[in-house]
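Observations on chain architecture
The lines below spell out each chain.
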Amino acid sequence: MTEREFVPVRIAVLTVSDTRTPADDRSGDALVERLEAAGHLLAGRAIVKDDVEAIVAQVRPWVESPQVDVVISTGGTGLTGRDVTVEAMKSVFEKEIEGFAVAFHMISWAKIGTSTIQSRACAGVAGGTYLFALPGSPGACRDGWDALLAPQLDYRHKPCNFVEIMPRLEEHRRRKPG
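Residues numbered from 1 in each chain as written. Predicted model: local features only at pLDDT ≥ 70, side-chain atom pairs only at ≥ 80, totals over all residues. Heavy atoms only, no water.

Moving on to the layout of surface pockets. The volume enclosed by the largest pocket comes to roughly 390 Å³. In this structure, the largest pocket is lined by 28 residues; those nearest its centre are Thr77, Pro135, Gly136, Ser137 and Ala140. The set of elements that each furnish at least two residues to the lining of the largest pocket consists of β1 (10-16), α4 (98-112) and α5 (138-152). It is α4 that contributes the most residues to the lining of the largest pocket, four residues altogether. Roughly 190 Å³ of volume is contained in the second largest pocket. For the second largest pocket, the full set of lining residues is Glu94, Lys95, Ile97, Val125, Tyr130, Ile165, Arg168, Leu169 and His172. (1 Å grid on protein atoms, 1.4 Å probe; cavity = no way out; pocket = protein on both sides within 12 Å on 5 of 7 lines; lining within 4 Å. Points joined across faces, edges and corners; volume = space filled by probe spheres on them. Helix = DSSP H or I, 4+ residues; strand = E, 2+ residues; numbered from the N terminus.)

Our focus in this paragraph is the pairing of strand β6 (residues 129-134). Counting buried positions along β6 yields six of six residues, so the element is predominantly enclosed. Taking every second residue as pointing to the same face, both faces of β6 are buried, with Thr129, Leu131 and Ala133 on one and Tyr130, Phe132 and Leu134 on the other. Pairing geometry for strand β3 (residues 70-74) and β6, over five bridges, is parallel. The residue of β6 that forms the bridge with Ser73 is Ala133. Summarising the sheet, strand β5 (residues 122-126) and β6 pair through five bridges and their orientation is antiparallel. (Buried < 20%, exposed > 50% of the residue type's maximum accessible area, 1.4 Å probe, protein only. Pairing = 2+ DSSP bridges.)

We now examine the packing of aromatic side chains. One pass over the full model with this rule turns up five aromatic pairs. Their ring planes at 50° and their centres at 5.3 Å tell us that Phe100 and Phe132 sit as a pair that is tilted. With Phe100 in helix α4 and Phe132 in strand β6, the pair connects residues that are 32 residues apart, well separated along the chain. With relative accessibility at 5%, the residue Phe100 sits in the buried group. An aromatic cluster of at least three residues, connected via ring pairs, comprises Phe100, Phe104, Tyr130, Phe132 and Phe162. When the ring centre of Tyr155 is taken as reference, the NZ or CZ atom of Arg4 above it lies at 4.6 Å. (Phe/Tyr/Trp six-rings, centres within 6.5 Å; stacked < 30°, edge-to-face > 60°. Lys NZ or Arg CZ within 6 Å of the ring centre and 35° of its normal.)

Pasting the structure below:
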């Protein structure tokens, strides 16, 4: 049996914060470092304020772009009034990937125990693009990437992975024969 070849995917990184700048965006930096070290391509990077409309205005064009396969956001997944990333992302989702939140909490539980319940990390699919919302701490970004995203965004991962089903994410939009 031959081993599968690695397939790089194009990933955009979005930091949601009222205070971060490119100079001190440690969470975004952690994600970029990891995705590039894995062999993936950085398709875009941005920082937007904690505002539903601003987040959606950044995410939707990435979803519509054939140059972006995955969007990973960091920040805004908590419980405070300014934490609105989840609401923004869910307004874009066509399908939610519920298992992502469950798996993220399992990983987080081992590191921070009951404090994991304060995170609303989530994931979904829209327009054939995967969308992942991670908490704003560099540690949470590293944990989410290392334990969940790195294997699922690796075509070689078995028994299954997100990359192998990418061509089928939009099959419901194809014209039916006849």
